[in-house]
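Breakdown of the fold
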Amino acid sequence: MFDEPFIRSLGLIVIAGALFALVARLIRMPAIVAYLIAGLVLGPLTGLVEISPTLSLISEVGIALLLFLVGLELSFDKIRDVGPVSVVAGLGQVVFTAIGGLLICWLLGFGLMEGLFLAVALTFSSTVVVVKLLDEKQELDSLYGRIAVGIFLVQDLVAIVILTFLTGLSAEGERTAGAILIGVARAFGGMALLLGAVLVAARFVMPRPLEWAARSPETLFIWSLTWCFLVVLGAHFLHLSLEIGAFLAGVSLAQLPYNEDLRRRVHPLMNFCIAVFFVSLGIRMELGAARMEWVTVVVLSLFVLLGNPLIFMWIIARMGYDERTSFFTSVTVAQISEFSFIFVGLGVSSGLVRVDILSLTALVGLVTIGLSSYMILYNRQLYEFCRRVGLLRMFRSPPAREEVETRKLRQGHVLIVGMNTLGRDLARRLTGAGETVLAIDTDPGKLRGLPCATLLGNVEYLTVLEEAGLSRARLVISALQIEATNDLLAFRCRSNGVPYAVHVIDLEQTDNLLEMDARYLMIPKVDGVKLQTRELQRRGFLSHSP
């Protein structure tokens, strides 16, 4: 049967979302902010649209696809070299922001339950918004971009744990302490079971079917959605929220080699459903109650825009990263997340908080996502301003030495990759011999105290090699003991016509490296035998060869 009100409402949502997104693109504002504003216009300001059950269903599908995409962004391979700082900064920020947010909410007069929900909502940053902006700037593979993605992974996992707890807390039945404890235990048991099943399937079951499906883009798209909704059905069977299932489905597929193509395939459908979700969220907002809380909106927004970056800057600086990397990473977290809306929305539907708390959260999201987007887009100008006026001195982070020194490198410098004992010794010896040396490593601690220019980064990323001036180098030396990285570095050196010397651990790799035109192979086993033979000959235990 033709549902005219539904078609009319959906049409207005799509048209308004498209028009506001077009205007937002002209002023470089995130589409999510445009959709929220479109919802405000259609709902509270004009009353043109009211949310129906069918529209709510579409928006729920949209949020499932949104979290599926969030999971697809979180590949462990992309962040393995920045894992420690991501874990420490991600968990540290969640703790400090939650405590600070709860204290601010208490000072603003909120009750304990409402303060908890608002404080938790302020702790998470938007993976979708930041990844999209960094991708537009072509800085997603930069050092600070990878740290930010790692932090989002930690935050998102914490959010899933909290959503699981909330699912158990809001389970139907009595609200006695024993019933709540049983509900929470069931929820976490269900999530552990689902997570284990998903990871096992992604490791042993999914690769072969997806390899076959990858031959056809349309088939790959359908199979990925099928997997998403199968996991969502599994979550429903285990009495978990669909958001948890969709996120875990995305994370599992992100570890496969097809995740980049999957992201591109899912984007169009996901964009449509996201538009409906965020426009619907704007329609649901009660501006009457929120207008009375404008002071609260300003205070909470300032806490997110300034407090979150300050907390991150302090933590990352303590991990040994320079002020430029610390600042750029910190700026990326100055907004609340899509998880914030979901979390508060579940609280409203469970009757734990009032509906105006959702409106308050949406307004804070509107302000923080909008302003932080410009902070990310113009992070270099913002960094230079803060550095000139001395705002970064309080964090006592190491100065951005590597950027200044790599710019001074012209033609004929030597790149040394991997600051283990061999790499550090080579850096000192070559610098002492008058060579211009640039040392590269992923650990800031290993770069300290070297007498040469240093660069923090992973040479598997082209952006790091470009910053190191690979094409202008006279020689590249790898002291790494990672065969895959050495092979990739050898290929890129050959492509740029730069001589390459490599530390060889496994003798079986020599033929492969020689095919890559490696000029010199440092082979500890062979060199050690030669040294021992010469020493034994010197002492007279062995005769010299004729």
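As a starting point, this report considers the structure included with it. All residue numbers refer to position in the chain's written sequence, counted from 1. Reporting of local features is limited, given that this is a predicted model, to residues whose pLDDT is at least 70; pairs of side-chain atoms are given and counted only at 80 or more, and all residues count toward the totals for whole chains, interfaces and linings. To obtain the side-chain values, all non-hydrogen atoms of the structure were used and water was disregarded.

Looking at the packing of aromatic side chains
Centres within 6.5 Å make a pair out of two Phe, Tyr or Trp rings, where for Trp the six-membered ring is used; the pair is then stacked when the planes are under 30 degrees apart, edge-to-face when over 60, and tilted otherwise. Following the criterion strictly, the structure yields five aromatic pairs and no others. When the ring of Phe-327 is compared with that of Tyr-383, the centres are 5.7 Å apart and the planes differ by 50°; the resulting orientation is tilted. Of this pair, Phe-327 sits in helix H16 (residues 323-331) while Tyr-383 is found in helix H19 (residues 379-388), placing the two residues 56 residues apart along the sequence. Note on classification: 1.4 Å probe, protein chains only; a residue is buried when its accessible area is under 20% of the maximum for its type, exposed when over 50%, partly exposed between these limits. Looking at Phe-327, the relative accessible area reads 8%, which means it is buried. Taking 5.7 Å as the distance between ring centres and 80° as the angle between the ring planes, the aromatic pair formed by Phe-328 and Tyr-383 counts as edge-to-face. Of the two residues, Phe-328 is situated in helix H16 and Tyr-383 in helix H19; the sequence distance between them amounts to 55 residues. By the burial criterion, Phe-328 is buried, and Tyr-383 matches it. The way it works is that DSSP assigns letters per residue, a run of H or I at least four long becomes a helix, a run of E at least two long becomes a strand, and they are numbered from the N terminus.

Things to note about the pairing of strand S1 (residues 414-417)
Residues of S1 alternate between two faces, with Val-414 and Ile-416 on one and Leu-415 and Val-417 on the opposite face, all of them buried. Here the term right-handed applies to a crossover when the path leading from its first strand over the helix to its second strand runs clockwise, the strands being oriented away from the viewer. Since S1 and strand S2 (residues 437-441) lie parallel, the crossover through helix H21 (residues 421-432) that links them has a hand, and here it is right-handed. By this definition, two strands are paired if DSSP reports at least two bridges between them. As paired elements, S1 and strand S4 (residues 475-478) share four bridges and run parallel to each other. Pairing of Val-414 across the sheet is with Leu-475, part of S4.

Here we look at the side chain of Ser-9
By secondary structure assignment, the location of Ser-9 is in helix H1 (residues 4-26). Judged by relative accessible area, which is 8%, Ser-9 ranks as buried. Setting aside anything within four residues of it in sequence, one finds Ser-9 in contact with Val-49, Glu-50 and Leu-55. Contact criterion: two residues are considered in contact whenever any of their non-hydrogen atoms come within 4.5 Å of each other.

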